[in-house]
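As a plain string of letters, each chain reads:
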Amino acid sequence: MVAFGKKLKDRQIQEWQGYYINYKLMKKRVRQYAQQIEQGTQDRRHVLKDFSRMLDNQIETIVLFLLEQQGLLASRIAKLGEVHNNLQEEPEINKITELREAYRAVGQDLLNLLYFVEINAIGLRKILKKFDKRFGYRFTDYYVKTRANHPYSQLQQVFKHVGLGAVVGALSRNLHELQDRQGSYLSIYDQPSLPLQDPVVDLINAAVDRLSNSTNFLNFMAQHALIMHDELPTPSEEHVDDERYHFMSLLLNLANTFLYMINTYIIVPTADDYSTSLGAAPTVCGIVIGAMAVAQVFSSVYFSAWSNKSYFRPLVFSSIALFIGNIFYACAYDIHSIWILLIGRLFCGLGSARAVNRRYISDCVPLKIRMQASAGFVSASALGMACGPALAGILQTNFKIYNLTFNQNTLPGWVMAIAWMVYLVWLWISFKEPSHDVEENQTPNQSNDENGALEKGLKQPLLITSDDKVDEDNDQDYDDSEEAPEESRLPANSIGEAYRLLTPSVKVQLLIYFMLKYVMEILLSESSVVTTYYFNWTTSTVAIFLACLGLTVLPVNIVVGSYISNMFEDRQILLTSEIMVCIGVLLSFHVIIPYTVLQYVCSGLLLFVSAEVLEGVNLSLLSRVMSSRLSRGTYNGGLLSTEAGTIARVIADATITLAGFLGQSSLLNVTLLPSLIISVFSIMATCYTYNSLY
């Protein structure tokens, strides 16, 4: 990994060199400001004024050059338009082909210009963040808000880029008209659904979408996977990704995620009945459900390490472990042993390959489709969560074959064992192990360098604001050198080292993630015991309730990703969601006699949906503020978040079992009390952190 300053220098188009942000000079100036303030030779107000003026001048240089280049591109398109009009009167195939290539050449130059804007925006965001870190307050918030909409500020030109949109539209229209329409008399405006099959325009549209800083459902969902990328990937990475990418292998990873989530939640509606049938208390279901999470705490680490060398072998091991675990789970009924039941669930947890699934997408899926793959990972998890309880509700039968019993308690184990055996065969036949040897000495020309980087796409927004891009500067700040030491950019070598890389805001967000996973696990795991005690619900009714909760995941994310995130700041959504989770917990307490189905369902739905909104916004923000050193290696950001969520589930399930000793009548309130305390504490931590930052 190379620091941003060197990347900026290496990626510059030589002819445009004097128009890029002078990142090196501005870093030096920030250090000088710090020394002057420490020595008492300068006050902060003068520093703010001088630094703001310096930024204004830099941005003005960038924008004026941008406008000049837009004019040149528009002039070229206008000249090509004259040729285009002449060809419509006397069409010649050779000249049409030449004209199409000329338009594409303009498109390539437009890509370079878009990349020019984007790389300068990254530099601006980074230097603002360095200033904030050095002086301890949010100058970024002040600068962006005062400049973004001011009539005299050039910054708004970068935000709106109206001229670029006009150039893109002209290019797209002319290339579309040059497509072979086989003598059709229809105008392109008469066929609005007809797609333009030209890769250059696709790349341009993707670049414009990034510059627009728009939030959409797909991007919002993709960030939940916590698959992070370097801001300026090397040009060789796309070629490597294409060589390693195999669609069926990606599908197998998503299928593994889907089946694992089904395996996790398929036992929830029947775990209390199963525990009772083996002579244990119904609340032992907490330990039964949580045993899988206990094993996952350890399996996540060794699977993450194993994926450094192979993807196929960990997936094979995962399938075998889950097959054995489900066989044990199913056979525990006839053996009449709660220990066999727990061992089976432990084996299932040891087969948790979510770290491998996430790592495969990060390492082997090309950047141009990685967002879709990441969204697929999250969607597969959500669908598996909904399908698990629904499948348990269907498996309501009772029969014996020889000495094996097949009923609502054992069928989840048998069905999942068969599913994992089928998956193992499919995996063995279809999975293609990607090469772990990455070619590093590829030197494509500069034009391909710029366009390749654009094709891969930078998923960072145009400009950072303090609202939703807190602490995103992954470039280490050093006083005595322009570039950070190489050791400071290596992946973390241990959980402890990874934890030390976390900033206070990231720690708060991991706390929020812990809280919401704890609250959701309490709601889901004890649902069968609570509803049976208060409402005499059957297994099928519990399964329907849990499935309905699971089915809210995707619609909620669509609404948040497509609408709410565009209307409100992330910190506003974050804090509001935390408060709604807390209200959901409060409404769930049994303080009114009698405890009604309406109260339980409404409070549970409010709690679950609020937690889903909170998880979406929290992970979306966390994926942007995590250190770049945690985007790779065994101890990465995805592993940290997985461990935080898994530990929360373990503690929640243990809480249910321990609360069971006080009796089922006290179970609900006793388990909700820690949920309330944790949720209140997370709200306080969020308020304190954001108040200190802003």
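Residues numbered from 1 in each chain as written. Predicted model: local features only at pLDDT ≥ 70, side-chain atom pairs only at ≥ 80, totals over all residues. Heavy atoms only, no water.

Participant: Account for the overall build of the chain, naming residues and giving values.
Facilitator: Along the backbone of the chain there are 28 helices and 2 strands. Within the chain, the fraction of its 694 residues that count as buried is 56%. When contacts within the chain are restricted to residue pairs at least 6 apart in sequence, those whose partners lie at least 24 apart make up 84%. Counting every atom, the chain has about 29,400 Å² of accessible surface; 60% of that belongs to carbon and sulfur. (Helix = DSSP H or I, 4+ residues; strand = E, 2+ residues; numbered from the N terminus. Buried < 20%, exposed > 50% of the residue type's maximum accessible area, 1.4 Å probe, protein only. Contact = heavy atoms within 4.5 Å. Areas by Shrake-Rupley, 256 points an atom, 1.4 Å probe, with all protein chains shown as cover.)

Participant: Summarise helix H16 (residues 354-364); cite the residues concerned and give the values.
Facilitator: H16 sits mainly inside the fold: 10 of its 11 residues count as buried. Among the residues of H16, Arg 354, Ala 355, Val 356, Asn 357, Arg 358, Arg 359, Tyr 360, Ile 361, Ser 362 and Cys 364 are the ones counted as buried.

Participant: An account of empty space enclosed by the protein is needed here, citing residue identities and associated values.
Facilitator: In this approach a probe as big as a water molecule rolls over the atoms, and the regions it shows empty are the leftover space. Scanning the model with the defined rule gives 9 cavities of 30 Å³ or more in all. For the largest cavity, the calculated volume is near 570 Å³. Taken together, 30 residues make up the lining of the largest cavity; nearest its centre are Met 261, Arg 354, Tyr 513, Lys 517 and Glu 615. Among the residues forming the lining of the largest cavity, the class breakdown is 13 nonpolar, 10 polar and 7 charged. (1 Å grid on protein atoms, 1.4 Å probe; cavity = no way out; pocket = protein on both sides within 12 Å on 5 of 7 lines; lining within 4 Å. Points joined across faces, edges and corners; volume = space filled by probe spheres on them. Nonpolar A, V, L, I, M, F, W, Y, C, P; charged D, E, K, R; others polar.)

Participant: I'd love a proper account of the packing of helix H13 (residues 285-306) against helix H15 (residues 338-350), names of residues and values included.
Facilitator: Running from amino to carboxyl end, H13 crosses H15 at an angle of 35°, the nearest separation of the two axes being 6 Å. The crossing of H13 and H15 is right-handed. Between H13 and H15, the contacting residues are Ile 287, Val 288, Ile 289, Ala 291, Met 292, Ala 295, Gln 296, Ser 299, Tyr 302 and Phe 303 on the first element and Ile 338, Leu 341, Leu 342, Arg 345, Leu 346, Cys 348, Gly 349 and Leu 350 on the second. For the contact of H13 with H15, a count of residues per class yields 14 nonpolar, 3 polar and 1 charged. (Axes fitted to C-alpha atoms, helices over the stretch in contact; angles between N-to-C directions. Left-handed = near helix turned anticlockwise from the far one by under 90°.)

Participant: I'd like a rundown of the packing of aromatic side chains, residues and numbers included.
Facilitator: When we look at a pair of aromatic rings, we describe it by the centre distance and by the angle of the planes. Taken as a whole, this structure holds 34 aromatic pairs when the rule is applied. Where Tyr 20 meets Phe 116, the ring centres are 5.0 Å apart and the plane angle is 70°; that geometry is what we call edge-to-face. Here Tyr 20, found in the loop between helix H1 (4-11) and helix H2 (23-39), pairs with Phe 116, found in helix H4 (residues 93-135); they are 96 residues apart in sequence, far enough to count as distant. The burial state of Tyr 20 is the same as that of Phe 116; both residues are buried. Where Tyr 274 meets Tyr 329, the ring centres are 5.0 Å apart and the plane angle is 85°; that geometry is what we call edge-to-face. Placement of the pair is Tyr 274 in helix H12 (residues 271-277) and Tyr 329 in helix H14 (residues 312-335), with a sequence separation of 55 residues. According to the relative accessible area criterion, Tyr 274 is buried, its value standing at 0%. (Phe/Tyr/Trp six-rings, centres within 6.5 Å; stacked < 30°, edge-to-face > 60°.)

Participant: Go over the nonpolar core with me, naming the residues and quoting the values.
Facilitator: Grouped together as the largest cluster of nonpolar side chains are 119 residues, with contacts concentrated most on Val 288, Leu 341, Tyr 423, Leu 427, Phe 431 and Phe 608. Not counting residues up to four positions away in its chain, the partners in contact with Phe 431 are Ser 249, Leu 252, Asn 253, Tyr 311, Phe 312, Leu 315, Tyr 360 and Trp 426. In this structure, Tyr 23, Val 63, Leu 110 and Leu 124 belong to the second largest nonpolar core, which totals 42 residues. (Core = buried A, V, L, I, M, F, W, Y, C linked by side-chain atoms within 4.5 Å.)

Participant: Residue-level account of the side chain of Ser 679, with values.
Facilitator: Tracing the chain through its elements places Ser 679 in helix H28 (residues 664-693). Those residues in contact with Ser 679, other than ones at most four positions away along the chain, are Met 515 and Cys 582.

Participant: Tell me about the confidence of the model for the chain, and name the residues and values.
Facilitator: A low pLDDT score tells you not to read the predicted coordinates there in detail. In this model, the chain carries an average pLDDT of 78, and 74% of its residues clear a pLDDT of 70 or more. Averaged pLDDT values over the elements of the chain bottom out at 37 in helix H19 (residues 446-456) and peak at 95 in helix H18 (residues 411-430). For residues 181-196, every residue scores under 50 in pLDDT, and the model assigns this stretch 18 contacts once sequence neighbours within four places are set aside. (pLDDT = per-residue confidence, 0-100.)

Participant: Describe the packing of helix H11 (residues 247-265) against H16, and please don't skip the residues or the numbers.
Facilitator: One can describe the packing of H11 onto H16 by two numbers: an axis separation of 10 Å at closest approach and a directional angle of 150°. The angle between H11 and H16 places the two elements in the roughly antiparallel class. Considering only the axes of H11 and H16, their crossing is left-handed. Packed against H11, whose contacting residues are Ser 249, Leu 250, Asn 253, Leu 254, Asn 256, Thr 257, Tyr 260 and Met 261, the element H16 presents Arg 354, Val 356, Asn 357, Tyr 360 and Ile 361 at the interface. The class makeup of the residues in the contact of H11 with H16 is 7 nonpolar, 5 polar and 1 charged. (Parallel < 35°, antiparallel > 145°, perpendicular 65-115°, else oblique.)

Participant: How would you summarise the pattern of salt bridges if you had to cite specific residues and measurements?
Facilitator: The final tally for this structure, using the stated rule, is 6 salt bridges. When the shortest N-O distance is used, the salt bridge between Arg 76 and Asp 109 registers 2.5 Å. Pair noted here: Arg 76 is in helix H3 (residues 44-89) and Asp 109 is in helix H4, with a separation of 33 residues, a long-range link. Each member of the salt-bridge network shares a partner with another, and the members are Arg 29, Asp 50 and Arg 53. (Salt bridge = Lys/Arg side-chain N within 4 Å of Asp/Glu carboxyl O.)

Participant: So, the environment of Gly 637: which residues are in play, and what are the values?
Facilitator: Relative to the helices and strands, Gly 637 is located in helix H27 (residues 637-659). Overall, Gly 637 belongs to the buried group, its relative accessible area being 0%.

Participant: Describe unusual backbone geometry, listing the residues and the values that go with them.
Facilitator: Note: most peptide bonds trans; most residues except glycine with negative phi. Although it is not a glycine, His 336 adopts a positive phi angle of roughly 60°. Phi angles above zero are rare outside glycine, and Asn 536 is one such case at about 55°. For Asn 536, the position within the fold is in the loop between helix H22 (527-535) and helix H23 (539-551). Given the relative accessible area of 65%, Asn 536 is considered exposed.

Participant: Provide a residue-level description of the side chain of Thr 657, including the pertinent values.
Facilitator: Topologically, Thr 657 is positioned in helix H27. Setting aside its immediate chain neighbours within four residues, Thr 657 contacts Thr 283, Val 284, Gly 286 and Ile 287.

Participant: Report on the environment of Ser 52, specifying residues and quantitative values.
Facilitator: With respect to the helices, strands and loops of the structure, Ser 52 is situated in helix H3. Linking Ser 52 and Phe 139, residues 87 residues apart in sequence, is a C-alpha distance of 9.4 Å. In contact with Ser 52, not counting residues within four places along its chain, are Phe 139, Tyr 142, Tyr 143 and Arg 147.

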